[in-house]
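Each chain, letter by letter, is given below.
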Amino acid sequence: MKLVYAAALLVSGAVMARPAPLVSIPTHDAFFAQIKQHCGKAYEGKVTVDNQGPSAFSDARLIMHVRRCNDQELQIPFHVGKNASRTWIITKTGSGLSLKHDHRHKDGSDDESTMYGGHTVDAGYDNVQSFPADQYSKELFVQRGIPQSVGNTWQMYIYDERFTYRLVREGREFRVDFDLTKPVQAPKAPWGYQD
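Residues numbered from 1 in each chain as written. Predicted model: local features only at pLDDT ≥ 70, side-chain atom pairs only at ≥ 80, totals over all residues. Heavy atoms only, no water.

Labelled according to an unreviewed UniProt entry, the chain appears under the name Secreted protein, originating from Pseudoalteromonas rubra.

One pass over the structure, following the stated rule, counts 12 aromatic pairs. With a centroid separation of 5.9 Å and 20 degrees between ring planes, the pair formed by Phe 57 and Phe 78 is classed as stacked. Residue Phe 57 is located in helix H3 (residues 56–59), and its partner Phe 78 is located in strand E4 (residues 73–80); the two are separated by 21 residues in the primary sequence. Just as Phe 57 is buried, Phe 78 falls in that class too. Put simply, the rings of Phe 57, Phe 78, Trp 88, Phe 163, Tyr 165, Phe 174 and Phe 178 touch in pairs and so form one group of aromatic residues. In this arrangement the basic side chain of Arg 175 is found over the ring face of Tyr 157, its NZ or CZ atom lying 5.6 Å from the centre. (Phe/Tyr/Trp six-rings, centres within 6.5 Å; stacked < 30°, edge-to-face > 60°. Helix = DSSP H or I, 4+ residues; strand = E, 2+ residues; numbered from the N terminus. Buried < 20%, exposed > 50% of the residue type's maximum accessible area, 1.4 Å probe, protein only. Lys NZ or Arg CZ within 6 Å of the ring centre and 35° of its normal.)

Grouped together as the largest cluster of nonpolar side chains are 31 residues, with contacts concentrated most on Ile 35, Trp 88, Trp 154, Met 156 and Phe 163. For Ile 35, the contacting residues outside a window of four places in its chain are Val 66, Leu 74, Ile 76, Ile 90, Ile 158 and Phe 163. (Core = buried A, V, L, I, M, F, W, Y, C linked by side-chain atoms within 4.5 Å. Contact = heavy atoms within 4.5 Å.)

This part takes up unusual backbone geometry. Residue Gly 53 is joined to Pro 54 through a cis peptide bond whose omega torsion reads -5 degrees. Considering the arrangement of structural elements, one finds Pro 54 in the loop between strand E1 (42–50) and H3. With phi around 65 degrees, Met 115 is a residue other than glycine that occupies positive phi space.

Moving on: the pairing of E4. Among the 8 residues of E4, 7 are classified as buried, and the element is accordingly described as predominantly covered. Two elements, strand E3 (residues 68–69) and E4, share 2 bridges in a ladder whose sense is antiparallel. Among the inter-strand pairings, Arg 68 is bridged to a residue of E4, identified as Gln 75. Counting the residues that bridge the hairpin from E3 to E4 gives 3 residues. Judged from the 7 bridges that link them, E4 and strand E5 (residues 83–92) form a sheet pairing that is antiparallel. If you follow Phe 78 over to E5, its bridge partner there is Arg 86. Hairpin remark: E4 followed by E5, antiparallel, with 2 residues in the connecting loop; positive phi at Gly 81, about 60 degrees. (Pairing = 2+ DSSP bridges.)

Thr 27, His 28, Phe 31, Phe 32, Gln 34 and Ile 35 are the residues of helix H2 (residues 26–36) that are buried. In a view along the axis of H2, the buried residues occupy a sector of 160 degrees, so they form one face of it. For H2, the secondary structure elements touched by its buried residues are E4, E5, strand E6 (97–103), strand E8 (128–132), strand E9 (153–158) and strand E10 (162–169). (Arc of directions from axis to C-beta.)

See the structure below:
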């Protein structure tokens, strides 16, 4: 009897050790997959809307690099001229998609404003997803003295010929469009990452 009980515990323990499935919906999967198909490639972009410009982005060479990809996460550095401090991280969470902005200093250390972003709150579309600011980001923005950013929503669009990164909030719009028809040489790893 003890042997049967021990075997039952062993079997039940193995079943309980299996991780929960990471569920998703078709529009999130399609959006994620469309970006993932560009893994390893880099593209040049330009600012197409900046209602507070010109800014440091206006004259710099802008490169996005779909650098690292797996089934749950995409890492996309966004190089602004020689500044390699920014990486967009899109993650499947089991309840949607998360977008985070990983900001680093040249020595690889975290910027005081890092990992801000948002999470999808609806299905979105195969080609478009919106990420309203999450609570961590709202508290960070208030702490950093930029409470106007609490209303931020980041949007990403992916089509055959164009990828768009867009920030909107009341009184603010910023947009960069990247040409997916002309890959460029991939830049070096962003600050804090390794090749």
